[in-house]
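Each chain is listed here by its residues.
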Amino acid sequence: MASGNIPMHPDGLDPDSFDRPVFRATIRPNQSLSPHGFRTVMIACGAVSLVTSVACIRAGFWPVAGFFGLDMLALYLALKASFRRGRSFEEVMITPLVVMLARVTHRGERREWRFNPLWTKLTKVEDEEYGLQTLTLVSRREYVVVARDASPVDREEIAQELARALAHVKRGF
């Protein structure tokens, strides 16, 4: 054997291929409002609230203006909480040796699950009217919900890709 040649594995397998992902995805929650959209909504609602409050104050209904202010505060806090929640994500990776799911919260807390791909299967809970409601990775006695913040359409697409990757890995053994 010449120097610098990498010896071939007796089975013809590349030992480095076991660490290469067959499937990798980052799943983020759906956010329909951009930061620019947030400003637009807040300005529009603030303008309507201000005009209505001024009209109510002129008519003698001054307490109504305070309630409009509380409504604007509640809307602002709800949209900010939604944006903060949008920073969370899930990472799914399947290699020939491991199925890894990592969930990162909006606070940056990370939780990880690792499964043997040969023992892992997908279970689905579907509704005729609303589509795929729950997608779960099951390995022995452990159950972990995947793509919990995705829409049913996105969840179905993820389920197909996960099933295809798991079948590919299982076919290799």
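Above: the structure in question.
Since the model is a prediction, treat every value here as computed from it, not as a measurement. (Residues numbered from 1 in each chain as written. Predicted model: local features only at pLDDT ≥ 70, side-chain atom pairs only at ≥ 80, totals over all residues. Heavy atoms only, no water.)

Peer 1: Help me get a handle on the pairing of strand S3 (residues 99-104), residues and values and all.
Peer 2: Of all six residues in S3, six are buried; the element is thus mostly enclosed. Here S3 shows two buried faces, one formed by Val99, Leu101 and Arg103 and the other by Met100, Ala102 and Val104. The turn joining strand S2 (residues 89-94) and S3, which pair antiparallel and follow one another in sequence, is formed by four residues. Where S3 meets strand S4 (residues 110-115), six bridges bridge the pair, whose relative direction is antiparallel. Across the sheet, Met100 pairs through a bridge with Arg114, a residue of S4. (Buried < 20%, exposed > 50% of the residue type's maximum accessible area, 1.4 Å probe, protein only. Helix = DSSP H or I, 4+ residues; strand = E, 2+ residues; numbered from the N terminus. Pairing = 2+ DSSP bridges.)

Peer 1: Can you explain the packing of aromatic side chains? Please cite residues and give values.
Peer 2: Aromatic rings in a pair are described by how distant their centres are and how their planes are angled relative to each other. For the coordinates displayed, the defined rule picks out two aromatic pairs. Ring geometry for Phe38 and Tyr76: centres 5.9 Å apart, planes at 45°, overall tilted. Remark: Tyr76 occurs in helix H2 (residues 63-85) and Phe38 occurs in helix H1 (residues 35-58); sequence separation between them is 38 residues. Classification of Phe38 as buried rests on a relative accessible area of 10%. (Phe/Tyr/Trp six-rings, centres within 6.5 Å; stacked < 30°, edge-to-face > 60°.)

Peer 1: So what's going on with unusual backbone geometry? Residues and values would help.
Peer 2: We note that Arg140 has phi near 55°; this positive angle belongs to a residue other than glycine. With respect to the helices, strands and loops of the structure, Arg140 is situated in the loop between strand S6 (131-139) and strand S7 (142-146). If you check the backbone angles, Ala147 has positive phi at about 55° while not being a glycine. In this fold, Ala147 is placed in the loop between S7 and helix H3 (152-171).

Peer 1: If you had to explain a nonpolar patch on the surface to someone new, which residues and values would you point to?
Peer 2: A cluster of nonpolar side chains, contributed by Phe67, Leu70, Leu73, Tyr76 and Leu77, occupies part of the molecular surface with about 520 Å² of accessible area. Relative to the helices and strands, Phe67 is located in helix H2. (Patch = residues over 30% accessible without salt bridge, like charges linked within 9 Å, V, L, I, M, F, W, Y side chains within 5 Å. Areas by Shrake-Rupley, 256 points an atom, 1.4 Å probe, with all protein chains shown as cover. Salt bridge = Lys/Arg side-chain N within 4 Å of Asp/Glu carboxyl O.)

Peer 1: Lay out the sheet that holds strand S5 (residues 120-127) with the relevant residues and their values.
Peer 2: Strand order in this open sheet of three strands is S5-S6-S7, and the pairing throughout is antiparallel. Each having just a single partner strand, S5 and S7 make up the two edges of the open sheet. Within this sheet the neighbouring strands show an average axis-to-axis angle of 30°, counted without direction. Two strands pair when backbone bridges link them, and S6 and S7 are joined in this way by five bridges, in the antiparallel orientation. Note on S7: the bridge partner recorded for Leu137 is Val144. (Axes fitted to C-alpha atoms, helices over the stretch in contact; angles between N-to-C directions.)

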